[in-house]
Amino acid sequence: MNPSLLVELFTEELPPKALNSLGEAFSQLLSQALRDEGHLNEHSVVTAFASPRRLGCHITNVASTSPEKNMQERLLPVKIGLDAQGQATAPLLKKLVSLGLEGTDVSTLKTISDGKQDVLVIERTMAGKHLPESLNKALEAATTKLPIPKVMSYQRPDGSTVHFVRPAHKLVALHGSTVVDAQTLGLTSGRTTLGHRFLSKGPIEIATADGYEAQLETEGKVIPSFAKRRAAIEQQLAEQAQGDQVVQPADLVDEVCALVEWPVVYEAGFEKEFLEVPQECLILTMQANQKYFAITDSNGKMKNRFLLVSNLLTNTPHLITSGNERVLRARLADAKFFFDQDRKKSLESRLPGLASVVYHNKLGTQKDRNERLVKLAEWLAPITGASVEQAKRAALLCKADLLTDMVGEFPELQGNMGEHYARHDGETAEVAQAIADHYSPRFAGDQLPRNPVGLAVALADKLETLLGIYSIGLVPTGDKDPFALRRHALGVIRMVIEKGLQLNLHAMLNQGSSLFAAYPDFKPSTEAIAGFMMDRLRSYLKDQGYSSAEVDSVLSTQPSEFADLPKRLAAVRAFSQLPEATALAAANKRISNILKKVEGSPVELVEARLVLDAEKTLFAEVNKVAPASTQAFEQGDFQQALLTLAPLKASVDAFFDHVMVNDPDEALKNNRIALLSWLHGLMNRVADISQLAQ
């Protein structure tokens, strides 16, 4: 077994929100470069390290010299490399010199064909590379290709300029217990690193690559592994919670983990009077400003205690907690002041102020937008089952909290504060909830609005944004979607499907577009937006576990209503599992291709013109199943509507085996096309089952 390799780059404090990804990328780039050079094998295990002041990588079973390689190197086409007498031409000699192969006997060269011409190649054995050479190359890749949020430029003591995420001060490179000669970012490798800024004592000499992690923890008071440090934080949070619940969003835990080298969790508290402020405000104040963890009881009600993650282990923790309590107290006092001040004015009294807030210079002010939302919510209310007056009221007030002090300080609380202030103003519970919920769903997997009024206003809000922003030319491109139009489209799709709303896509888009008639820069784009939404719909359905063929079969029918799509997809899935499904899908595809070539509308089917047994049988079989299939379809039983088609397999197969559709007799041909058209319509009402054909 070969020794392990350790590489550590010691830096100044790295950006916390990017630390984990930087550590993973550094390790991946370094190990991949060494693997490409042949120093690693299938038994090599790679471990990434990332702490606030270091990026590192530990790799087991690293060869000091990579294996020899038998290589076949292309030179030149034969017609260029050899003259008529088979002697080397000047271009070939020049090529050999450039490869360090001058004096090579051309008779030892081999000829291969690349499919277009004969090419001269040379076979040779390349000596293995030594680890220092390969490591230097790997370090160059690992330091220049990192996903760095923002590169810094700084000067080394020798005056050279270095570009990296943060100034780097030390480089450790050990193969087993031996220092590997390597250089990067103006640093030369050694075995010396530094531990915790306050808890360790001076430089640390790393003895071996395998002992690095344990030595750094015991001597340096640093847990270099991001994952282990994060797990330690979560364990301590749970212990300190003493049976209560800790509000610990993953991104906050990640950020705190990136700020500490030796995490210690302490408990602190604040005055109960602050609990009068909505707990969303308190939690956001703790998380956004101070990186604290709020505590709630088993019912989710916030307590006046919190947890903080410190980078210091001390015998006098009260000195840390008291200081943090003072800082938080000031923050919470601000939040309480904002809350108290905001409640002195009703939401309705703030509405005139929306005329001074520009929504978009091509789409008017927030007041103009509010008027559009009210009209859209009024139109949507009967569809969602909401009270029209409540929907209009919620739409009227839903943006008023943008003018409050609390939302001005914490924009993330839009809607949530509106609900609190609406309840204080005496608005109905449905209206208050709708004000909070009209932003929902805010992200993938988020809950939908809680009541029909909220559904109407949320749909209005997302449709207005989609129509307005898209139709003034601000279309999402690549990864850029500054107005979150993809999220808005997905939100509309989720509400319609998951709430079973009978909402026509084109009617909805046309209704919304009519509200922008007064804006000259608004270019109606309902068809483009419909296509945009169908793309989102396709992705949404695939995320629900349906196959591409199943989704395509349903969406090929260009549905304008989405509520019954899950039932149609379930029907397609049940049909596809029938033994007859493959043959019927293939036959349907064949029928589709035939009908595509038909000009004009098919003529009326006349039973008397059916002359062959196979077409008569098919007519009889279709005539037999059509009533049951139609009845099931009209009752919304799509699965039964498709399953009733299974008995047609034999007669469909016989028809194509024995009947020539394009008969020279025009009347017979048209009658057969009419028969196929009838069958095609019957088979494709639920979905285009030809999409299931292999």
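Summarised in this report is the structure supplied together with it. (Residues numbered from 1 in each chain as written. Predicted model: local features only at pLDDT ≥ 70, side-chain atom pairs only at ≥ 80, totals over all residues. Heavy atoms only, no water.)

Section: the sheet that holds strand 9 (residues 168-175)
Strand pairing in a sheet takes place through backbone hydrogen bonds and is either antiparallel or parallel in direction.
Link 1 in the chain: Taken in spatial order, the 5 strands make up an open sheet running 2-3-1-9-10, and their pairing is antiparallel. Two strands bound the open sheet, and with one partner strand each, they are strand 2 (46-51) and strand 10 (178-179).
Link 2 in the chain: Across 2 bridges, strand 9 lies against strand 10 in antiparallel orientation. Across the sheet, Leu 174 pairs through a bridge with Val 179, a residue of strand 10.
Link 3 in the chain: Across the face of the sheet, helix 1 (residues 19-36) comes into contact with strand 1 (5-11), strand 2 and strand 3 (54-59) while running at roughly 145 degrees to strand 2. (Pairing = 2+ DSSP bridges. Helix = DSSP H or I, 4+ residues; strand = E, 2+ residues; numbered from the N terminus. Contact = heavy atoms within 4.5 Å. Axes fitted to C-alpha atoms, helices over the stretch in contact; angles between N-to-C directions.)

Here we look at the side chain of Ser 553
Link 1 in the chain: Checked against the element boundaries, Ser 553 lands in helix 20 (residues 548-555).
Link 2 in the chain: There is a polar contact of 2.6 Å between the side chain of Ser 553 and the backbone oxygen of Glu 550.
Link 3 in the chain: When neighbours within four sequence positions are excluded, Ser 553 is seen to be in contact with Val 572, Ala 687, Asp 688, Gln 691 and Leu 692. (Polar contact = N/O pair within 3.5 Å; in protein donor to acceptor, adjacent residues only side chain to side chain.)

Focus: the environment of Leu 22
Link 1 in the chain: In this fold, Leu 22 is placed in helix 1.
Link 2 in the chain: Take Leu 22: its relative accessible area is 0%, and that puts it in the buried class.
Link 3 in the chain: C-alpha of Leu 22 to C-alpha of Ala 50: the two residues are 28 residues apart in sequence and 7.7 Å apart in space.
Link 4 in the chain: Not counting residues within four places of it along the chain, the set of residues in contact with Leu 22 comprises Pro 15, Leu 55, Leu 146, Pro 147, Ile 148 and Val 165. (Buried < 20%, exposed > 50% of the residue type's maximum accessible area, 1.4 Å probe, protein only.)

Details of the packing of helix 8 (residues 279-290) against helix 9 (residues 317-342)
Packed helices, taken two at a time, are described by their axes: the angle between them and the distance between them.
Link 1 in the chain: Between helix 8 and helix 9, the shortest axis-to-axis distance is 10 Å and the interhelical angle comes to 130 degrees. By the angle class used here, helix 8 and helix 9 are oblique. Like other packed secondary-structure pairs, helix 8 and helix 9 cross with a definite hand, here right-handed. Mapping the contact onto sequence places Leu 282, Thr 285, Met 286, Asn 289 and Gln 290 in helix 8 and Val 327, Leu 328, Arg 331, Leu 332 and Ala 335 in helix 9. (Parallel < 35°, antiparallel > 145°, perpendicular 65-115°, else oblique. Left-handed = near helix turned anticlockwise from the far one by under 90°.)

Brief notes about helix 8
Link 1 in the chain: In a regular helix each residue adds 1.5 Å, so 12 residues correspond to 16 Å; helix 8 covers 16 Å between its end C-alpha atoms and thus fits that length.
Link 2 in the chain: Among all positions in helix 8, only Cys 281, Leu 282, Ile 283, Leu 284, Thr 285, Met 286, Gln 287 and Gln 290 are buried.
Link 3 in the chain: Where the residues of helix 8 are buried, they touch helix 7 (250-257), strand 17 (293-296), strand 18 (302-310), helix 9, helix 13 (405-409) and helix 14 (416-425).
Link 4 in the chain: Backbone geometry just downstream of helix 8 places Lys 291 in the positive-phi region, at approximately 60 degrees. (Expected span 1.5 Å × (residues − 1).)

Some details on the environment of Lys 616
Link 1 in the chain: Relative to the elements of secondary structure, Lys 616 occurs in helix 23 (residues 613-634).
Link 2 in the chain: With a relative accessible area of 41%, Lys 616 lands in the partly exposed category.
Link 3 in the chain: In sequence terms Lys 616 and Leu 675 are 59 residues apart; their C-alpha atoms lie 10.0 Å from each other.
Link 4 in the chain: Leaving out residues up to four positions away in the same chain, Lys 616 has contacts with Leu 610 and Val 611.

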